[in-house]
Amino acid sequence: MILRARTTGADATRALAGAIAEQAAGGDLILLAGELGAGKTAFVQGFGAALGVDQPITSPTFTLAHHYEGRLVLHHLDVYRLERISEIDDIGVSELLDGNGVVLIEWGDAVAPALPNDYLEITLRYGEGDDDRHLELRCVGGRWSARHRTLGEKLQPWAED
Ligand SMILES: Nc1ncnc2c1ncn2[C@@H]1O[C@H](COP(=O)(O)OP(=O)(O)OP(=O)(O)O)[C@@H](O)[C@H]1O
Ligand SMILES: [Mg+2]
């Protein structure tokens, strides 16, 4: 199940992410894919803001994971620097998903085989203008597939024409 959206600036990507965060529940896993500078971190910033995280959200490229308290506990991972997929096992994603935890992973598509097979994969691609991005959202597994329709409604403001 695939949904498509487009944004015309980083703030629009943050707003879109906020709309998804409104629907998020403890245990949700989101994988963010896309080239350098595509807007993965911008997405997490909007997502966290909508959860009520009030600290600045910065890329955890060197530290692997940052954790923030909001309506849910946001675990922000960036696996760009992992050398082997199995290194993700040390992070214990399943434990982070317990209770009120939500996990967002930049470059998560690269480690998907080592993760629970139930996630929303969001791929960001560069568009025509410098600030245009195309987003493809793919529901994998029951948690997100069950929300496919409401997700589509939430994404209406950014629907591709
Ligand atoms: N529509 C848009 N959506 C998101 N970011 C945008 C958009 N238009 C322009 N930008 C800019 O693109 C950059 C995206 O940077 P960001 O750090 O979010 O990307 P990233 O995918 O996390 O990169 P990296 O792979 O280095 O982690 C920012 O400078 C942002 O202002
Ligand atoms: Mg980033």
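Check the entry above for the structure.
Residues numbered from 1 in each chain as written. Chains lettered and ligands numbered in written order. Predicted model: local features only at pLDDT ≥ 70, side-chain atom pairs only at ≥ 80, totals over all residues. Heavy atoms only, no water.

Enquirer: Help me get a handle on the coordination of the magnesium ion (ligand 2), residues and values and all.
Expert: Listed as protein donors to the magnesium ion (ligand 2) are Thr41 (OG1) and Glu106 (OE); their distances from the metal cover 2.1 Å. Pair noted here: Thr41 is in helix α2 (residues 40-50) and Glu106 is in strand β5 (residues 101-106), with a separation of 65 residues, a long-range link. A single burial state applies to Thr41 and to Glu106, both of which are buried. (Donors = N, O, S within 2.8 Å, 3.2 Å for Na, K, Ca; no water. Helix = DSSP H or I, 4+ residues; strand = E, 2+ residues; numbered from the N terminus. Buried < 20%, exposed > 50% of the residue type's maximum accessible area, 1.4 Å probe, protein only.)

Enquirer: Could you give an account of the packing of helix α1 (residues 10-22) against α2, with specific residues and numbers?
Expert: Direction vectors running N to C along α1 and α2 enclose 50°, while the axes themselves pass 7 Å from each other. In terms of orientation, α1 lies oblique with respect to α2. When the axes of α1 and α2 are compared, the crossing they make is right-handed. On α2, the residues touching Thr13, Arg14, Leu16, Ala17, Gly18, Ile20 and Ala21 of α1 are Ala42, Phe43, Gln45, Gly46, Phe47 and Ala50. Of the residues that constitute the contact of α1 with α2, the class distribution is 8 nonpolar, 4 polar and 1 charged. (Axes fitted to C-alpha atoms, helices over the stretch in contact; angles between N-to-C directions. Parallel < 35°, antiparallel > 145°, perpendicular 65-115°, else oblique. Left-handed = near helix turned anticlockwise from the far one by under 90°. Contact = heavy atoms within 4.5 Å. Nonpolar A, V, L, I, M, F, W, Y, C, P; charged D, E, K, R; others polar.)

Enquirer: I'd love a proper account of the pattern of salt bridges, names of residues and values included.
Expert: Scanning all chains against the criterion turns up 8 salt bridges. The partner of Glu121 in a salt bridge is Arg138, with the nearest N and O atoms 3.1 Å apart. A residue pair is termed long-range when its members are at least 10 positions apart, and Glu121 in strand β6 (residues 119-126) and Arg138 in strand β7 (residues 133-140) qualify at 17 residues. Glu121 gets classed as buried once you look at its relative accessible area, which sits at 13%. (Salt bridge = Lys/Arg side-chain N within 4 Å of Asp/Glu carboxyl O.)

Enquirer: Got a sec to walk through the pairing of strand β1 (residues 2-7)? Specific residues and values, please.
Expert: Only one face of β1 is buried, namely the one carrying Leu3, Ala5 and Thr7, since none of Ile2, Arg4 and Arg6 on the opposite face is buried. With 6 bridges connecting them, β1 and β7 associate as antiparallel partners. When the sheet's bridge partners are listed, Ala5 is paired in β7 with Leu135. (Pairing = 2+ DSSP bridges.)

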